[in-house]
Structure formats: structure tokens, C-alpha cells
Amino acid sequence: MPLNQASSLPSHYSKDEKGKRLRPISQPASRVSLSIVFSVLCFLVGISGILFSTYALLRPKPVPVFRCGRAQDTLRTLHPYSNSRKPDEKTLLDRPKLLGFVGVQTGFGSVERRAALRSTWFPSDTDGLLRLEQATGLAFRFVIGRTKDTKKMGALEKEVEKYNDFMLIDVEEQYARLPYKTLAFFKAAYELFEADFYVKADDDIYLRPDRLATLLAKERVHPLTYLGCMKKGPVISDPKMKWYEKSGNLLGNEYFLHAYGPIYALSAEVVASLATTRNGSLRMFNNEDVSVGSWMLAMNVNHEDNRAICDPRCTPTSIAVWDIPKCSGLCNPSQRLRELHKNSMCSKSPTLPSDDW
């Protein structure tokens, strides 16, 4: 082969001893090692990507605890209420029609109370809640606001994911701001549910849902109804006392007639009016029950007094049981709820007959 042709051959080829063919020259050991390392790294990156994608697809979806400015029914998010138009077609009902919606007011420090309730009269599973709703016409949810404490919010997310029995409202969860939470609750409940009555209940009372349904289903002449265990009493003007009212000068010596706070109900027409009020347009007193009572006076409602929803013991007619007047609710509720539930008079006595029976 001419010299000039031989010199044009690629540098990694050479003649063999007989000059008949070319053979590749062995790569340096360092270059081979780098190629192997690079291949291994690519393989590991690929495997990591597959594992991460699998985890992202299979892991439980994070629970959206709050949508800014909105309320959320966590059970309806999981099990949409629907009605069938055709066997293969279903449409979401924006506001399910109910006899009553019961919002059990709770807080971040009430984990044990909620556990006690779920082991007594409040169903502990989604199917149980839906069965109770079908049997009584009443929907039940725990109602809670928000907090800046990320640890508490994280714990709430886990509880929501496990039980799906909450109504989440975008309002600061703070005892001193209960009147604001109560108004936000009624507005949110009206937005999410179409009910004849909206019931505010605390998480430290023993309730008979079947008997409450019988009470709410009664025929009433007045469309604007404020149903509760009504009371009056002296205005507390001493700042050192628990029920101190800083705006007592507007009230005089005695409160007007209003319902005890642990449980009361407002008819749909009343809540519809509350739902349209502008923020800041209603008087907020220190005490939530007094605040609601003042709104009711301004709305010309019918005050319906019923002592069966503030019974201090279980009886054949009791609807809600709590330790009136010793406590605003049950004293030591986590223990007392379970004790009452073991009492057959509380949990197994017959449902109250309706007026038509």
C-alpha cells in the first residue's frame, strides 16, 4: 500500500504481522473503566426515576384541608351525593336536600372528644354516616377552622384522611372568636346543604339523632324558627369571671331570652338571611350563644323552647344530654360519653313517637 494511503488510516487501526488485515488497538484501561461507571450511573438514575414515579402514583393523595375562603365537606368529596337520570348517568347535587344538617363544633384540642363520640352516637365510618343520614334525614359533620400551627394542621389532615367526617371552614379556630366561627359555620352549611334546619351542637353532649329528627320534622306555623333550650340570666360584668361580657353596658342587668350554646337549631329561612349578611354587620358579644340570640331578636324569629335538648340525664324523652347547669356540656366528656352510651336508657330506648302517631 502506498505510504500516503497508509498514513490516512485512522490511528486506532494497524496492520497485523502479515500485513493482510487491520485489527483494532485495545482501548486504554482508564477509558473502559469510565464507560462502565457511566453506564452504571445511568442505570441507577433510570431505576430511581421508575421507583419515584411508582411511589407518586400509588401513594395516598394529600388531603386539601383548606381552600382559601371556601368551606369543604370532606365526606362529600369522597362520596359525591348524586341522583340517577339514567342507569349509566349520574349528576352531582350541589346542595343535597336534608331534613337537617348538624354541625358538631370541635377544635384542635378535642381529639379525645371526637374519639369518644365516634365510639358512641356519632358513626365512626363513612358508610355509617350515610346510613344514619338515610334513616333520619340528618347529616353530621365535625366543624373546625384553621390554625397557623403546622403540626396541628398536619394532625388534622391525617384525621380527615382517615374518617372524612369534617366540614372545614376558612376561619381562625380560637375560643375567643367563637361567635365568628358560628356565623361562618351557618354560612358554610347553607352553601353546602339545603336543609329544613341547621343545628349547631358542641362535641361534649350525648345526642339521640333519631329523636332529634322527630323533633325537627314537626309541623310548624312560623317559618322563622329558633329552637333551643331557652334561658335568661344576669349579665356578667366582672372581668375575672368566666362569662364576662365586655359589652355589658349595651345589655343592662339581664340577658334577653336566648338558647343555651351546647345545641340549638335555626330554620332554613333564618340561616338564609344570615348567609347574606355582610361581614362585620352583626353584633358580636363575648359569648357565642348571646351573640346568636341578639341576631334572632333582630330577625323577629319564633323562639321555641324545648327542655328535652338540655336534659341532665337520660330519660324516655331526652334528645340531648349534658350536665346542665354544672358544665356547658358534659363534665369530663370523653369519659362521660362512653358511660352514658353503656346506659340502655341513653342508647337503646325507643325513638320518640311523632305527633302523627
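Reading the values: the criteria
- Residues numbered from 1 in each chain as written.
- Predicted model: local features only at pLDDT ≥ 70, side-chain atom pairs only at ≥ 80, totals over all residues.
- Heavy atoms only, no water.
- Axes fitted to C-alpha atoms, helices over the stretch in contact; angles between N-to-C directions.
- Helix = DSSP H or I, 4+ residues; strand = E, 2+ residues; numbered from the N terminus.
- Parallel < 35°, antiparallel > 145°, perpendicular 65-115°, else oblique.
- Contact = heavy atoms within 4.5 Å.
- Nonpolar A, V, L, I, M, F, W, Y, C, P; charged D, E, K, R; others polar.
- Disulfide = S-S within 2.5 Å.
- pLDDT = per-residue confidence, 0-100.

## Brief notes about the packing of helix H7 (residues 178–192) against helix H9 (residues 268–275)
Okay, step 1: At their nearest, the axes of H7 and H9 sit 9 Å apart, and the two run at 110° to each other. Taken together, the axes of H7 and H9 are roughly perpendicular relative to one another. Contact with H7, carried on its side by Leu183, Phe186, Lys187 and Tyr190, involves Ala268, Val271, Ala272, Leu274 and Ala275 of H9 and no other residues of that element.
Okay, step 2: Broken down by class, the residue content of the contact of H7 with H9 amounts to 8 nonpolar, no polar and 1 charged.

## Re the state of the cysteines
Okay, step 1: Counting across every chain of the model gives 3 disulfides.
Okay, step 2: Between the sulfur of Cys314 and that of Cys346 lies a disulfide, 1.6 Å long from S to S. Between Cys314 and Cys346, the S-S dihedral sits near 95°, and the bridge is therefore right-handed. Remark: Cys346 occurs in helix H12 (residues 344–347) and Cys314 occurs in the loop between strand E13 (302–305) and strand E14 (320–321); sequence separation between them is 32 residues.

## Thoughts on the confidence of the model for the chain
Okay, step 1: Of the residues in the chain, 76% have a pLDDT of 70 or more, and the chain-wide mean is 85.
Okay, step 2: Scored below 50 in pLDDT, residues 82–92 makes 12 contacts in the model with residues more than four places away or belonging to other chains.

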